[in-house]
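Results of the structural survey
The lines below spell out each chain.
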Amino acid sequence: MSSPVLVSDTHHDVHTDHGHHEHHKQSFITKYIFSTDHKMVAKQFMLSALFFLLIGGALALLLRWQLAYPGEAVPLIGQFLPELIASDGVIQPGLFIQLTTMHASVMIFFVIIPLAVGLFGNLCIPLMIGTDDMALPFINLLSFWLYFLAGIVAAAGFFVQGGAGASGWTGYPPLSAIGGLGQTLWIVAVFLVGFSSILGGMNYVTTVLNKRAPGMKMFDMPLSVWAIFITSVLMVLGTPVLASAVSMLFFDNVLHTSFFMPDNLTVASPYANGMKHSGGGQPILFQHLFWFYSHPAVYIMILPLMGVVSDVLSTFSRKPIYGYKAMIFAIMAIAFLGFIVWGHHMFQSGMNPLLGTTFMLSTIVIAVPSAIKVFNWLGTIWRGSIRYTTANMMALGFIATFIIGGLSGVFMASAPVDIYIHDTYFIVAHIHYVLFGGSLFGIYAGIYYWFPKLFGKMLNEIWGRRHFFWTFIFFNLTFFPMHILGVGGHMRRIHDPNVYDFLKPFQPWNEFITIMAIILGFSQLILFGNIIYTWIWGPKAPKNPWNANTLEWHAPSPPPHGNFLAPVRVYRSPYEFSHPDRADDFHPQWLAPGEVEIEETTTVSETQNTH
Amino acid sequence: MSGLVLDHEPVSGIPHGKLAMWVFLASEIMFFTGFFASFIVLRNANIDLFTNSAQALNKWLALLNTIVLIGSSLTMALSVLAIEKGNKRNFQLYMTITILCAFTFLIVKYFEYTSKFSHHIYPWTDLFYSYYFLTTGFHGMHVIGGIIPMVWMLMRSFTKKGYHNHVRVEVLGLYWHFVDLVWIFLFPVLYLMFPTSYVPPIH
């Protein structure tokens, strides 16, 4: 058993180590651009995904404008839109479907998944399991740059003839099999970003299994690490199926094969000129393959954040997480069930009713582990001494919106109800409640919680709280009315609702939603302002600003190359808050029994000494 | 920069690269599972087309390729054994044979492809050939992806420093056996699947 390491000891180590590692000086390129350091990769994922968040949000506001004021020119930026797709600044149907497609694709593949697993996976895993870096640092670098390349390929679609991919983010054939160059670029981008996911997932699984600090058993890992670990398994097993589906779609597009092209299909697309499809393919086959990945993908997008929210809630309620093992088994159950429910996206595609019923039942069963998690979170905050930090408010916001999103999910799990609300705004409301209200709030919670560790600066709490309130209020005002539109039969992905008489009474709702969406969109700029301000002028973060227990708070803020100043050893589970026998209300994992942590101030001066 | 390099043994007892390769192979299995699942669906919907078109494939060339590839798996395993024992000469010998087998496989495949093209059979000709070119194409890319590190390791072993990273050779071996295994599934699926009652058309 190695001797426990006190902070004062490590102070000495820093100086001796300093000269020794002098020759490791990295150039600008290896340090900031092609870095293999997991923290730099996490920062790269975070900043590029936040940039894509701006793009995806802008696309959403453009299409919201068209829905609220069909046929009116887009103010301010309308004149800059190309004449072909937006004559006199009015969004044409062709552009509109590109906007919906690219909004969803960007948000799912380039914002939520990279933030949920790219940012938190890279940031949390090595720090929380007490190791120096990922198991395969070079694969990590490759994973980020594949993602970045995919982002460029996807965005390039807007600048080619015919515009970007325009068959919805689901890319159903035959429409997606006869697209132009933009559609092909979309397929290539999805393939590349999928490959990036697989490499990332493989790295996370290996790191968690192989690089845990001495003393850390699997059931000593924080829930964030558990959630990301299980998510990685989903990515590794699910994403390749999407890759094989889009490979076939790529063949259909480029080589004019007929994997997904049925017999006797008449195509009016300008791109179909001279295409001679042999036919005989199965369009619905693509839907099966696509949802075999994309249903687990919605859990890829939410499970890591469930872990993050658990850690945040436990820390700021100053209470152990309620039902630690139940939480882990619930995540496992959700992940497993995620693979056997994909058919519920296809109740309308033509399916044996018996099979539909099977999918319906397996889908409804997911409510059980989800409810276990929600009740455990409530049990965690119940009678806790709750600190209303921004991170905690975001986490509470996550629970509130996730409950609404989860309940509307049970509606569409039920086949008879789903047949009525299929492809309406009810679905749009549901996915935004789980992906924006769930995932993005969880991501914000994680960003506010770990920003001090990642960048060494404390984000502004006052502006953080303003960001939360504006986002939470206008999020609900934007997306809750969509339930009403959906039940009224308002279809998704339609260019102009006013062409349908029965949708005309909903026009005031559409206008209201758009105005709220614009405010929601602009209130996200608070976060960007906060990050930029903090980065330059923010106060330095102490080593453990939240008095949390997990290992990342043992490393200096920001952690140096190699993360910890001395090897760490784990002595207890991650959620030992408010133990009655202790003076402090927390008991960190790295403290040996009987050892006392030296105050934060020494740590701050220590980080300064290293420069 | 104070760098801490934690060099303790892998917790699971399996080297990082090897564990990651197993995870990656699980992913690869799912990738080809997508294709094989599609095969079941597409073939059942077009049973006549699939049985007829499959007859035009040269199953003897494919059998040759199967033998070549299984042989290369054997020599790959022997070269892993050789490098673990530090037998440099045997490692070089077996690795060279493996590379030659891999190239033989690709050359035979090249002749199969060109003979199809010369008969005006292309990926878009019919669904069976779409599937044939798709799966053999992806498999061929996996073969190339195996050849590159093999050649690199072999060339390194001829340098003065030599090549001693036996874990990497073993990891590459795992990958190579997987590539072999995919072919063992593709061979019967593409070349040998027709009903026993099938009577070949008289030309």
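Reading the values: the criteria
Residues numbered from 1 in each chain as written. Chains lettered and ligands numbered in written order. Predicted model: local features only at pLDDT ≥ 70, side-chain atom pairs only at ≥ 80, totals over all residues. Heavy atoms only, no water. Helix = DSSP H or I, 4+ residues; strand = E, 2+ residues; numbered from the N terminus. Buried < 20%, exposed > 50% of the residue type's maximum accessible area, 1.4 Å probe, protein only. Contact = heavy atoms within 4.5 Å. Salt bridge = Lys/Arg side-chain N within 4 Å of Asp/Glu carboxyl O. Polar contact = N/O pair within 3.5 Å; in protein donor to acceptor, adjacent residues only side chain to side chain. Nonpolar A, V, L, I, M, F, W, Y, C, P; charged D, E, K, R; others polar. Patch = residues over 30% accessible without salt bridge, like charges linked within 9 Å, V, L, I, M, F, W, Y side chains within 5 Å. Areas by Shrake-Rupley, 256 points an atom, 1.4 Å probe, with all protein chains shown as cover. Core = buried A, V, L, I, M, F, W, Y, C linked by side-chain atoms within 4.5 Å. Expected span 1.5 Å × (residues − 1). pLDDT = per-residue confidence, 0-100. Phe/Tyr/Trp six-rings, centres within 6.5 Å; stacked < 30°, edge-to-face > 60°. Lys NZ or Arg CZ within 6 Å of the ring centre and 35° of its normal. Axes fitted to C-alpha atoms, helices over the stretch in contact; angles between N-to-C directions. Parallel < 35°, antiparallel > 145°, perpendicular 65-115°, else oblique.

When helices and strands are tallied, chain B shows 6 helices and 0 strands. Helices and strands appear in chain B in the N-to-C order α-α-α-α-α-α. In terms of overall dimensions, chain B has C-alpha extents of about 70 × 35 × 30 Å along its principal axes. Looking at chain B as a whole, 49% of its 203 residues are labelled buried.

Moving on to the interface of chain A and chain B. Listed per partner, the contact involves 49 residues of chain A and 41 residues of chain B. Joining chain A to chain B, the criterion identifies 0 salt bridges. The tally of links from chain A across to chain B stands at 6 residue pairs in polar contact (both at pLDDT 80 or more). Elements with a minimum of two residues in the side of chain A that touches chain B: α1 (7–20), α6 (181–210), α7 (223–254) and α8 (283–317) of chain A. When residues of the side of chain A that touches chain B are assigned to their parent elements, the largest contribution, 9 residues, is made by α7(A). The class makeup of the residues in the side of chain A that touches chain B is 25 nonpolar, 19 polar and 5 charged.

Residues and elements named next belong to chain A. Together, L47, I532, Y533, W535, I536 and W537 make up an exposed nonpolar region whose accessible area comes to about 670 Å². The dominant element in the nonpolar patch, judged by the number of residues it contributes, is helix α17 (residues 525–537), at 5 residues. With respect to the secondary-structure elements, I536 resides in helix α17.

All names here are of chain A. In this fold, N253 is placed in helix α7. Taking the relative accessible area as the measure of exposure, N253 reaches 6% and is therefore buried. Among the polar contacts made by the side chain of N253, one reaches the main-chain amide nitrogen of G179 at a distance of 3.4 Å. Among residues more than four places away in sequence, those in contact with N253 are S176, A177, I178, G179, Q183, T184 and I187.

Once that is clear, we can look at the nonpolar core. Grouped together as the largest cluster of nonpolar side chains are 249 residues, with contacts concentrated most on F120(A), W377(A), F398(A) and M95(B). The greatest single-element share of this core, amounting to 23 residues, is contributed by helix α4 (residues 93–128) of chain A. Look past the residues within four positions of W377(A) in its chain and what remains in contact with it is M306(A), V309(A), S310(A), L313(A), M327(A), F398(A), I399(A) and F402(A).

For the rest of this paragraph, the subject is the pattern of salt bridges. All names here are of chain A. Under the counting rule described, the total for this entry stands at 11 salt bridges over all chains. The partner of D585 in a salt bridge is R318, and the shortest N-O contact between them spans 2.9 Å. With a gap of 267 residues between them, D585 in the loop between α17 and α18 (600–609) and R318 in the loop between α8 and α9 (324–338) connect regions that are remote in the sequence. One salt bridge connects R465 with E461, and the closest N-O pair in it is separated by 3.5 Å. Of this pair, R465 and E461 both sit in helix α15 (residues 461–487), 4 residues apart, which is roughly one turn of the helix. Taken together, the salt bridges that share partners define one network made up of R318, R387 and D585.

The subject of this paragraph is unusual backbone geometry. Residue and element names in this part refer to chain A. Here the residue pair P173 and P174 is connected by a cis peptide bond, since its omega of 5° sits within 30 degrees of zero. Relative to the assigned elements, P174 resides in the loop between α5 (137–156) and α6. That bond from S557 to P558 is cis: its omega, -15°, falls within 30 degrees of zero. You can see P558 is positioned in the loop between α17 and α18. Despite not being glycine, D423 shows a phi value in the positive range, around 60°. One can find D423 in the loop between α13 (415–421) and α14 (425–455). Exposure remark for D423: the relative accessible area of 31% places this residue in the partly exposed category.

On to helix α10 (residues 353–365) of chain A. Residues and elements named next belong to chain A. Compared with an ideal rise of 1.5 Å per residue, which puts 13 residues at 18 Å, α10 spans 18 Å between its outermost C-alpha atoms and is within 8% of the ideal. Among the residues making up α10, those that are buried are G356, F359, M360, S362 and T363. Looking at the buried positions of α10, the neighbouring elements they touch are α9, α11 (367–381), α12 (390–413) and α13.

Residue and element names in this part refer to chain A. Per-residue confidence for chain A gives a mean pLDDT of 89; residues scoring 70 or more make up 92%. The low-confidence segment residues 1–23, where pLDDT is below 50, has 36 contacts with residues more than four positions distant or belonging to other chains. Note on residues 600–611: pLDDT is under 50 here. Beyond four places in sequence and across chains, it has 19 contacts.

All right, on to the packing of aromatic side chains then. Enumeration over the complete set of coordinates arrives at 77 aromatic pairs over all chains. In this structure, R466(A) packs its charged tip against the face of W463(A), placed 4.5 Å from the ring centre.

Residues and elements named next belong to chain A. At a minimum axis distance of 9 Å, the contact between α12 and α15 shows a crossing angle of 10°. In terms of their interaxial angle, α12 and α15 are classed as roughly parallel. In this structure, α12 uses T390, M393, M394, G397, A400, T401, I404 and S408 to contact α15, whose residues at the interface are E461, G464, R465, H467, F468, F469, F472, F475, N476, F480 and H483. Among the residues making up the contact of α12 with α15, the classes are represented as 9 nonpolar, 8 polar and 2 charged.

Residue and element names in this part refer to chain A. Structurally, S408 is set in helix α12. On the basis of relative accessibility, which here comes to 4%, the residue S408 falls in the buried class. Residues S408 and V205 lie 203 residues apart in sequence; the distance between their C-alpha atoms is 33 Å. Ignoring any residue separated from it by four or fewer positions in sequence, one finds S408 in contact with F426, H430 and H483.

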